[in-house]
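Chain by chain, the residues run as shown.
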Amino acid sequence: MGWQALFFMSVLCLGAVHGQVSYSIPEEMAKGALIGNIAQDLGLSVERLKSGKARIYTGNTDEYIELRRDRGVLLVKDRIDRESLCGQTMPCALHFQMILENPMEFYTVTVEITDINDNPPKFERDEMKYEVSESALAGARFVLEKAVDDDVGVNGLNSYALNPSDNFAIKTISRGDGSKHVEMILQKPLDREKNEYVSLVLTALDGGEPQLSGTMAITITVLDVNDNPPVCSKQEYKASVAENAPVGTVITRIKATDVDKGNNGKVTYTIPKSTAAQLFEINVENGEVTLTGNIDYEKKRFYELDVQVSDQGGLSDACKVIVDVTDTNDNPPSINIMSKSNSVSESVKIGTVVTMLNIQDPDSNENGKVMCALNENIPFRIKSTTNNFFTVVTDTELDREGASEYNITVTCSDEGVPSLSSSVTLTLQISDVNDNAPVFERSSYEAYIVENNTPGLSIFTVKATDADWNQNARVSYILEDSSVNGVPVSSYVSVSADGGVIHAVRSFDYEQIKDFQFRVKAQDGGSPPLSSNVTVKILIQDQNDNPPQVLYPVQTGGSMVAEMVPRSADVGYLVTKVVAVDVDSGQNAWLSYKLQKATDRALFEVGLQNGEIRTIRQVTDKDAVKQRLSVIVEDNGQPSRSATVIVNVAVADSFPEVLSEFTDFTHDKEYNDNLTFYLVLALAVVSFLFITCLVVIISVKVYRWRQSRILYHSNLPVIPYYPPRYSDTLGTGTLQHVYNYEVCRTTDSRKSDCKFGRAGSQNVLIMEPGSTGTMQRMQSEKSILDEPDSPLEQKPPNNDWRFTQGQRPGPSGATGGPEVAMGTGPWPQPPTEAEQLQALMAAANEVSEATATLGPGTMGLSTRYSPQFTLQHVPDYRQNVYIPGSTATLTSNPQQQQATAQQATQQALPPPQASAQPEPPKAAQTPASKKKSTKKEKK
């Protein structure tokens, strides 16, 4: 059975205390059932009900409701039957008052009793018998006894059904009072010869859920030939009666006639059983209707009676009687508030008007005269000014410190017998000065907040109240200055001045600070202001924001640590233990260990709670020596965080075996969360270096090109180029003898410190910028060029490269003779224009110093430039010139020329079979070549 409580509260008169509350409950609720929390609905506390000795006042009526002051609720005290309480009156309600003392308060409570479908339709009799003449015509009506359903509304009587329906049909007519008049109508004439008795079942159905019903048997006796039914003189009669009329009062008389003779013409009057039939009866013989019960105008203002008129032959007629109920003096006075004051100052004078009232009573004469009075123990009185007008004035001086407000109950009674009364409660506030400081709801506060919160998050609210009024009661909240760990508390929290809402200024970290406290001051708006303070403690709750940290085994990037397991280890052998911690707390720090990856999963297992790595089977010789385990450590937070540790295990019985196996063991690449960062960083560095090198190379190329262009446009003469080991036998060119050249060069000869020649002379030309002397060649010094596989060793002559004198390049332009066949060297790549110009400048710069430094047949050149140098000082520079950047050194030494010519002749002739091939001359080592030689020897 579902029920609901409807609550509404209206503030009357002077506002805060007096009110009216209404509840709606179904009937037949169990004793002790909860009706509603009246304390909560009226905004009262349980302590107020206890201190005020709350009680229920019902007057002279029975108490169906009880008040539990310790809980502040209304309970069902006794069984409530709506039908016995209100009958057919809708709505049905219980009205009572709840009274409080100290100070006295008055509340009106209304409990509406709703109907439930707990009564099925019932007929007064189990069987009705009718006698119907066989001559009865179709359409004849037979008033059936109404079913009585004590329920109302949809649960009341709804419809009728008649079975079988061969000769009769049922007809239901709704009356103005909500009742349903039922008639049985003859549809097909009866035939006594075929069926002398007809049995019917009349079923009454209500509209409730579930649907209830009642039945009544109808027995019809078919009579012979009575074809004139009685007829009422009027189909509808009207009458009136006072609501206080005594039982037996005659209401009206029904008149009906029958033209038949004898017993067929004798008329009888009956009222079918119904709700109205319990209050009225009709004389069977004369049709006089009298009052048999007490009627109430407030419950029902009129009644409708169905009267059946029958003759002895079974024919009948029906008519209706409408009874109007007249009102009597049963209305209490009505109190109307014309004007009222919500508050007065405690310094007002005696006789000040507080409220003006207008009292009205709809009754007349003495019943309409009203007298009013106030409740006791209040400094007020009521006086009458003119007819039906009253004023409430102060009777003594007011003191707000004694009472801040008053509930003035005005009770007005008429002079009727019995006297009727009504009352109204006025609430009057007494204004005062600011003499009350704000008071917090608690002596201290504690609040919780989860770490990593969003700055500005509302944590909770502090609340303080002030017993004063208006501006004096306006409370502002201030955060008192203090510090937490040396930091001002204002950098942690803030307090809204109006609402007392405490906000987080920063995001808290449980690992840094777990709790802190501060003080909040509440200050009212009076002058001067009053204040109080309270201590607030903030507790930070942990959040799973830290992954586990592995303490052992320690992960090092430079060395490898392995745990040894002997091959004789049994099942459950403890290999090692992974130790990890989590700086979080609670279940966020509960750690579990799992084996993520392993070389052989069937060999090891990890303890879920303790992190112990143990063997799960016997170690065999087939097991690999090197085992790599990946253990993941997870916490129990939501979501969980984890860390991974690599454990290297060596399955061996001795350390040398482990050492031999792990010699070539390369450390596995440590995969961690920063791997992507390192890869991107390496790629960026390589890209930067590449771009830098590219820019440097391009800059050098551009610089050299610009230098070559500068020299190309100068007026210095050009030194001609002659290929090495080229023989001039005719002596017609500028080079009159055979020259044989061999040069020791570095990979970048242009930048070499020294260039050494091997043609007959033991002097070497030095190109060191800071040197002008000569350096004797070390005969005993070995060069890397002396190695047989040296890539710089002089190759034997190629007989395919022979040229005529006309084909040789040279400044003389002479043509060659047959001796051109004596060419013994390969034709090298000609030098560039820049190299030739560079050689010219070097020769010109060193002419001024050549005499002092030259040995026999050579000319020393210095890189220092002499501004007094001119080309006319050069003594035939074509006789002995070293061309930087080329593979030849030109000389004019006769002995060297002769030796070179002999060597060229021997190289031109086919070598004898018995003689050994002469060793090619070695070139002097440069510092760069010495370094390369040293590296090769070390290898």
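Scroll up for the structure.
In short, a report on the structure. (Residues numbered from 1 in each chain as written. Predicted model: local features only at pLDDT ≥ 70, side-chain atom pairs only at ≥ 80, totals over all residues. Heavy atoms only, no water.)

### Thoughts on the sheet that holds strand S49 (residues 612-615)
For step 1, the next point in the chain: On the basis of which strands lie adjacent, the open sheet formed by 3 strands has the order S45-S49-S48 and antiparallel pairing. A strand with exactly one partner marks an edge of an open sheet, and here the two such strands are strand S45 (574-577) and strand S48 (604-606). Between one strand axis and the next, the sheet turns by 20° as a mean value, whatever way the strands run.
For step 2, the next point in the chain: As paired elements, S45 and S49 share 3 bridges and run antiparallel to each other. (Pairing = 2+ DSSP bridges. Helix = DSSP H or I, 4+ residues; strand = E, 2+ residues; numbered from the N terminus. Axes fitted to C-alpha atoms, helices over the stretch in contact; angles between N-to-C directions.)

### Details of the environment of serine 316
For step 1, the next point in the chain: Mapping serine 316 onto the fold places it in strand S23 (residues 316-326).
For step 2, the next point in the chain: Once the C-alpha coordinates of serine 316 and asparagine 228 are considered, the two residues, 88 residues apart in sequence, prove to be 8.9 Å apart.
For step 3, the next point in the chain: Once you skip the residues sitting within four places of it in the chain, serine 316 turns out to touch Arg141, Phe142, Pro229, Pro230, Gln308, Val309 and Ser310. (Contact = heavy atoms within 4.5 Å.)

### With respect to the pairing of strand S41 (residues 515-524)
For step 1, the next point in the chain: Side chains Phe516, Phe518, Val520, Ala522 and Asp524 of S41 all project onto a buried face; the interleaved residues Asp515, Gln517, Arg519, Lys521 and Gln523 project onto a face where none is buried.
For step 2, the next point in the chain: Where strand S36 (residues 475-479) lies against S41, 5 bridges are found, and the strand directions are antiparallel. Within S41, the residue paired with tyrosine 477 across the bridge is alanine 522.
For step 3, the next point in the chain: With 9 bridges connecting them, S41 and strand S42 (residues 531-541) associate as antiparallel partners. Looking at S42, one finds that glutamine 517 is bridged to lysine 537.
For step 4, the next point in the chain: Following S41, the chain reverses through 6 residues before pairing antiparallel with S42. (Buried < 20%, exposed > 50% of the residue type's maximum accessible area, 1.4 Å probe, protein only.)

### Points about the sheet that holds strand S31 (residues 421-431)
For step 1, the next point in the chain: Sheet architecture is open: 4 strands sit in the order S25-S31-S30-S27, paired in mixed fashion. Edge strands, defined here as strands with exactly one partner in the open sheet, are strand S25 (343-345) and strand S27 (370-374). Adjacent strand axes in the sheet meet at a mean angle of 30°, parallel and antiparallel pairs treated alike.
For step 2, the next point in the chain: The pairing of S25 with S31 spans 3 bridges and is parallel. Pairing of serine 343 across the sheet is with glutamine 429, part of S31.

Such coordinate-based values are descriptive only and should not be taken to indicate function.
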